[in-house]
Amino acid sequence: MPFTNPPEPAYSQDDWDLMQAAYNRAATTLLVQSSSDEEARIIAKTVMTAFNRGNRSVNSLAALAVITAVNAHPDVSGADTRAEKRYA
């Protein structure tokens, strides 16, 4: 899911680039194939929310998005039927 800067931007191009890098890293980790995937929406929303709260670390944003996506879909985290909650 690409982050694109609208004509009257609320973010600088550097901000968009940072959020896109975090999204790409999280999506690669989770093997998200399409921007229409629910995981893709969760990743994008998590990245933007954390960025808006002051997080400017690509690694931290990506890790938080991965954890959030895994917790949203515990069945993809492994064979164990009980989902382990992870916190950043």
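Conventions adopted
- Residues numbered from 1 in each chain as written.
- Predicted model: local features only at pLDDT ≥ 70, side-chain atom pairs only at ≥ 80, totals over all residues.
- Heavy atoms only, no water.
- Core = buried A, V, L, I, M, F, W, Y, C linked by side-chain atoms within 4.5 Å.
- Buried < 20%, exposed > 50% of the residue type's maximum accessible area, 1.4 Å probe, protein only.
- Helix = DSSP H or I, 4+ residues; strand = E, 2+ residues; numbered from the N terminus.
- Contact = heavy atoms within 4.5 Å.
- Phe/Tyr/Trp six-rings, centres within 6.5 Å; stacked < 30°, edge-to-face > 60°.
- Lys NZ or Arg CZ within 6 Å of the ring centre and 35° of its normal.
- pLDDT = per-residue confidence, 0-100.
- Expected span 1.5 Å × (residues − 1).
- Polar contact = N/O pair within 3.5 Å; in protein donor to acceptor, adjacent residues only side chain to side chain.

Regarding the nonpolar core
Note on soluble globular proteins: their nonpolar side chains tend to be buried together. Counting 20 residues, the largest nonpolar core has Tyr23 and Ile43 as the members making the most contacts within it. Of all elements in the fold, only helix 1 (13-30), helix 2 (38-52) and helix 3 (58-72) reach the threshold of two or more residues within this core. With seven residues, helix 1 is the single largest residue contributor to this core. Not counting residues up to four positions away in its chain, the partners in contact with isoleucine 43 are Tyr23, Ala26, Ala27, Leu30, Val32 and Ala65.

Describing the packing of aromatic side chains
For the coordinates displayed, the defined rule picks out two aromatic pairs. Arranged with centres 5.0 Å apart and planes meeting at 80 degrees, the rings of tyrosine 11 and tryptophan 16 form a pair that is edge-to-face. Taking the relative accessible area as the measure of exposure, tyrosine 11 reaches 16% and is therefore buried. Taken together, the ring pairs in this structure connect Tyr11, Trp16 and Phe51 into an aromatic cluster. Sitting over the face of the ring of phenylalanine 51, arginine 56 holds its NZ or CZ atom 3.7 Å from the ring centroid.

Re the confidence of the model for the protein
Of the residues in the protein, 70% have a pLDDT of 70 or more, and the chain-wide mean is 81. In this model residues 76-81 is a low-confidence stretch, pLDDT under 50, and it forms two contacts with partners more than four residues away in sequence or in other chains.

Remarks on the environment of valine 70
Considering the arrangement of structural elements, one finds valine 70 in helix 3. For valine 70 and isoleucine 42, which are 28 residues apart along the polypeptide, the C-alpha to C-alpha distance reads 9.8 Å.

Structural notes on helix 2
For helix 2, with 15 residues, the first-to-last C-alpha span of 21 Å sits near the 21 Å given by 1.5 Å per residue. Turning to helix 2, its buried residues number three or more, namely Ala40, Ile42, Ile43, Ala44, Thr46, Val47, Ala50 and Phe51. In this structure, the buried residues of helix 2 make contact with helix 1 and helix 3.

A short note on the side chain of asparagine 55
As for its placement among the helices and strands, asparagine 55 is situated in the loop between helix 2 and helix 3. Judged by its relative accessible area of 19%, asparagine 55 is buried. A distance of 2.8 Å separates the side chain of asparagine 55 from the side chain of serine 60, its partner in a polar contact. Residue contacts for asparagine 55: discarding those within four places in its chain leaves Ala50, Ser60 and Leu61.

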